[in-house]
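Each chain, written out:
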Amino acid sequence: MFENVPAYAGDPILSLNEDFQRDPRTDKVNLSIGMYFDEAGRLPVMSAVQAVEASLLEAAAPRGYLPMAGHAGYRDAAQALVFGANHEARLAGRIATLQTLGGSGALKVAADFLHRHLPASQIWISDPSWENHRVVFEGAGLTVNTYPYYDPQTGGLRFDAMRAAIDSLPERSVVLLHACCHNPTGVDLDRAQWAELIPVLQRRKLIAFVDMAYQGFGDGLDEDAACVRSLADAGVPLIVASSFSKNFSLYGERCGALSVVCRDADEAQRVLGQLTFAIRSNYSNPPTHGAKLVAGVLSNAALRAAWESELASMRQRIKSMRGRMHEGLAGLVDDVMRERYTSQVGMFTYTGLSEGQVERLRAEHGIYLLRSGRMCVAGLNQQNVGYVVSAIALVAANRDAQK
Ligand code: LMR
């Protein structure tokens, strides 16, 4: 029956991470997957999360089904974190927010919704974008196109080309934007560029679909969400996929949220209903544990403060590793390749290393980056950063290895 099923080529991120786990070398370094590792190379278990977890264990509550749309306290807390507790759209009941299976689950539920209710709309993603965006959207039946974004010559943004491309899209097109810490390039729009782009989305009657998987890893929780709030203020039809995988270090608990900002509360109720239907038809309802952890932290002032301060030190540690790379590579690689460690933001740096150089880093030095040259800076620490700098200097010096 299944003789014609082809082999799976593997996923450029998750399969590579599995290869890393199998690599027997003791000095190997994982800079592939977007996960935050601490100074000791471990995934943190945040102290506020541990406190809620201990109280959940004690309570030993029964494990019934959650409602299809998810845990009520979690949904409210997730919405407040994205939009700000007192945002007008939130107070007016104009935002439909649901609990989803991580940020990916939010993307899929929204994609199913768009495919069903706006069947003529196509989606535009940045060139490049997170490797799984195209997979999820095409899997849901959407047509996926790209708009210009990254400039390999400068390691920065092609903002004029991006704005011009978006300015020529058909009405009701969906534009996928990254709120902060762009994945994979680490190149974000600044405030002035957002202020220029938002009226274009508005005037062209486009739908903004913002992916915010890294809130808190750029400049801060509110700063990173500023573009989302400005889009909502401007009245642009808005979908937001958000995630607690990274900022709560709860990857495996699959804690995400999907929010759709509507014109009024009545529209929001109808959209909520159809999104609920999309959840039922995918996986019925989300799991309880992670939702209780997040809601427990965010609803308690002391735990929330502890979480925010731990997150701030994670953000700082990433910045200091960026500084170490920048410093270490001085005189070893050209300035364009070096400057990006401090000009790009968040967990990722698009190193500018070629596929051949990335392969040499893996094969000869046990250092894992994505084939695209994306490096997860959050995998660096004081112990391995010097080793990584020397290995990059070695492979970057040998131009013959470039493809
Ligand atoms: C990444 O980009 O590495 C992360 O978002 C993990 C994933 O699922 O791809």
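Provided above is the structure to which this section pertains.
Below you will find a few notes about this structure.

What counts, and where the lines are drawn
- Residues numbered from 1 in each chain as written.
- Predicted model: local features only at pLDDT ≥ 70, side-chain atom pairs only at ≥ 80, totals over all residues.
- Heavy atoms only, no water.
- Helix = DSSP H or I, 4+ residues; strand = E, 2+ residues; numbered from the N terminus.
- Buried < 20%, exposed > 50% of the residue type's maximum accessible area, 1.4 Å probe, protein only.
- Polar contact = N/O pair within 3.5 Å; in protein donor to acceptor, adjacent residues only side chain to side chain.
- Contact = heavy atoms within 4.5 Å.
- Expected span 1.5 Å × (residues − 1).
- Arc of directions from axis to C-beta.
- Pairing = 2+ DSSP bridges.
- Right-handed = clockwise from strand over helix to strand, strands pointing away.
- Near = heavy atom within 4 Å.
- Areas by Shrake-Rupley, 256 points an atom, 1.4 Å probe, with all protein chains shown as cover.
- Salt bridge = Lys/Arg side-chain N within 4 Å of Asp/Glu carboxyl O.
- Phe/Tyr/Trp six-rings, centres within 6.5 Å; stacked < 30°, edge-to-face > 60°.
- Lys NZ or Arg CZ within 6 Å of the ring centre and 35° of its normal.

As a further point, take the side chain of Thr-100. You can see Thr-100 is positioned in strand β2 (residues 95–101). For Thr-100, a relative accessible area of 0% translates into the label buried. A polar contact of 3.5 Å, which involves the side chain of Thr-100, links it to the backbone nitrogen of Ala-106. At 3.1 Å, the side chain of Thr-100 and the backbone nitrogen of Ala-257 are in polar contact. In this structure Thr-100 touches Gly-105, Ala-106, Arg-254, Cys-255, Gly-256, Ala-257, Leu-258 and Tyr-283, once residues within four positions along its chain are discounted.

Spanning 13 residues, helix α8 (residues 191–203) covers 19 Å between terminal C-alpha atoms, matching the ideal 18 Å at 1.5 Å per step. Within α8 the residues assigned to the buried category are Gln-193, Trp-194, Leu-197, Ile-198, Val-200 and Leu-201. When α8 is viewed along its axis, its buried side chains cluster within an angular range of 165° and face the same direction. Turned more than 90 degrees off the buried face of α8, the exposed positions are Arg-191, Ala-192, Ala-195 and Arg-203.

This next bit is on the pairing of strand β4 (residues 144–148). Pairing of strand β3 (residues 123–127) with β4 involves five bridges; the strand directions are parallel. The residue bridging Ser-126 from the neighbouring strand is Tyr-147, located in β4. Of the crossover connections in this fold, the one passing from β3 over helix α6 (residues 131–139) to the parallel β4 is right-handed.

Looking at the ligand, the residues that line it are Ile-13, Leu-14, Ile-33, Gly-34, Trp-130, Asn-183, Tyr-214, Lys-246 and Arg-374. Between the ligand and Trp-130 there is a distance of 3.0 Å, counted from an oxygen atom to a side-chain nitrogen or oxygen. Within the contact set of the ligand, an oxygen atom lies 3.0 Å away from a side-chain nitrogen or oxygen of Asn-183. Relative to its unbound accessible area of 260 Å², the ligand is 83% covered by the protein chains.

Oppositely charged side chains can form a pair if their charged atoms are brought close together. In total, this model carries 18 salt bridges according to the counting rule given. Here Arg-263 and Glu-267 are joined by a salt bridge, their closest N and O atoms 3.4 Å apart. For Arg-263, a relative accessible area of 67% translates into the label exposed. With a closest N to O distance of 3.0 Å, Glu-364 and Arg-360 form a salt bridge. One end of the pair is Glu-364 and the other is Arg-360, both in helix α15 (residues 355–365) and four residues apart, which spans about a single turn.

Another point: the packing of aromatic side chains. Taken as a whole, this structure holds nine aromatic pairs when the rule is applied. A ring pair is formed by Phe-244 and Phe-248, whose centres lie 5.3 Å apart and whose planes are at 85°; its orientation type is edge-to-face. Assessed through its relative accessible area of 4%, Phe-244 is described here as buried. Here the basic side chain of Lys-28 rests over the ring of Phe-20, its NZ or CZ set 4.5 Å away from the ring centre. Here the basic side chain of Arg-374 rests over the ring of Phe-348, its NZ or CZ set 3.8 Å away from the ring centre.

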